[in-house]
Amino acid sequence: MNNHLNNIVNLGDQIIATIECNGRRLASVSGADFTSLAAVKRVLLQLAGCYTGMAVLTVRNCTQGWRDVTAMATMRRAACAQSTVPAASPRLGRQYLIPWAS
């Protein structure tokens, strides 16, 4: 079911949006140059960077008077993190990896 049928963002609408994860605000935006709800969420996710867990995206359209709250679970850290462990190391983190068993 699509819950965003009434939550339309028009160019010029005053938008205030935040993304929070584990009680911390990762990013926030405010402006009137968004053309859709998806564009607002895309900008928030880009600004938030790498995080793991449940994030809450809150988008408030001050012009039209509605608010949209969306929960999003993600494991974005794995794609963003750069490994500092040498490739020859048989151990990553707390668990030993067995190359021939995977």
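Residues numbered from 1 in each chain as written. Predicted model: local features only at pLDDT ≥ 70, side-chain atom pairs only at ≥ 80, totals over all residues. Heavy atoms only, no water.

**A short note on the confidence of the model for the protein**
As a note on interpretation, predicted positions should not be read in detail where pLDDT is low.
Stage number 1. Averaged over every residue, the pLDDT of the protein is 79; residues scoring 70 or more account for 68%.
Stage number 2. Of all secondary-structure elements in the protein, the lowest mean pLDDT belongs to strand β5 (residues 91-92), at 50, while strand β1 (residues 15-21) reaches the highest, 95. (pLDDT = per-residue confidence, 0-100. Helix = DSSP H or I, 4+ residues; strand = E, 2+ residues; numbered from the N terminus.)

**Side note on the environment of Gly49**
Stage number 1. Here Gly49 lies in the loop between α1 (37-48) and β3 (52-61).
Stage number 2. Sequence separation of Gly49 and Ala27 is 22 residues, and the distance between their C-alpha atoms is 8.7 Å.

**Quick notes on the nonpolar core**
Stage number 1. Of all hydrophobic cores here, the largest spans 19 residues; its most connected members are Ile15, Ala17, Ile19, Tyr51 and Val59.
Stage number 2. Looking at this core, the elements with two or more residues in it are β1, β2 (24-31), α1 and β3.
Stage number 3. No other element matches α1, which puts five residues into this core.
Stage number 4. Apart from the residues within four sequence positions on either side, Ala17 is in contact with Ala27, Ser28, Val29, Val40, Leu44, Thr58 and Val59. (Core = buried A, V, L, I, M, F, W, Y, C linked by side-chain atoms within 4.5 Å. Buried < 20%, exposed > 50% of the residue type's maximum accessible area, 1.4 Å probe, protein only. Contact = heavy atoms within 4.5 Å.)

**Some details on the pairing of β2**
Stage number 1. Here β1 runs beside β2; their pairing, made up of seven bridges, is antiparallel. Paired with Cys21 across the two strands is Arg24, which belongs to β2.
Stage number 2. The hairpin turn running from β1 into β2, its antiparallel successor, is two residues long, and Asn22 in that turn takes a positive phi close to 55°. (Pairing = 2+ DSSP bridges.)

**Concerning the pattern of salt bridges**
Stage number 1. Tallied over the entire structure, the rule returns two salt bridges.
Stage number 2. Linking Arg25 and Glu20 is a salt bridge whose minimum nitrogen-to-oxygen distance equals 3.8 Å.
Stage number 3. Residue classification places Arg25 among the exposed positions, given a relative accessible area of 56%.
Stage number 4. For Glu20, a relative accessible area of 32% translates into the label partly exposed.
Stage number 5. Two residues, Asp68 and Lys41, come together in a salt bridge whose shortest N-O distance is 3.3 Å. You can see Asp68 sitting in strand β4 (residues 66-75) and its partner Lys41 sitting in helix α1, a full 27 residues away along the chain. Accessibility assignment for this pair places Asp68 and Lys41 in one class, buried. (Salt bridge = Lys/Arg side-chain N within 4 Å of Asp/Glu carboxyl O.)

**Re unusual backbone geometry**
Stage number 1. The backbone phi angle of Asn22 is positive, close to 55°, even though this residue is not glycine.
Stage number 2. Position of Asn22 among the secondary structure elements: in the loop between β1 and β2.
Stage number 3. Under the relative-accessibility criterion, Asn22 is labelled exposed at 67%.

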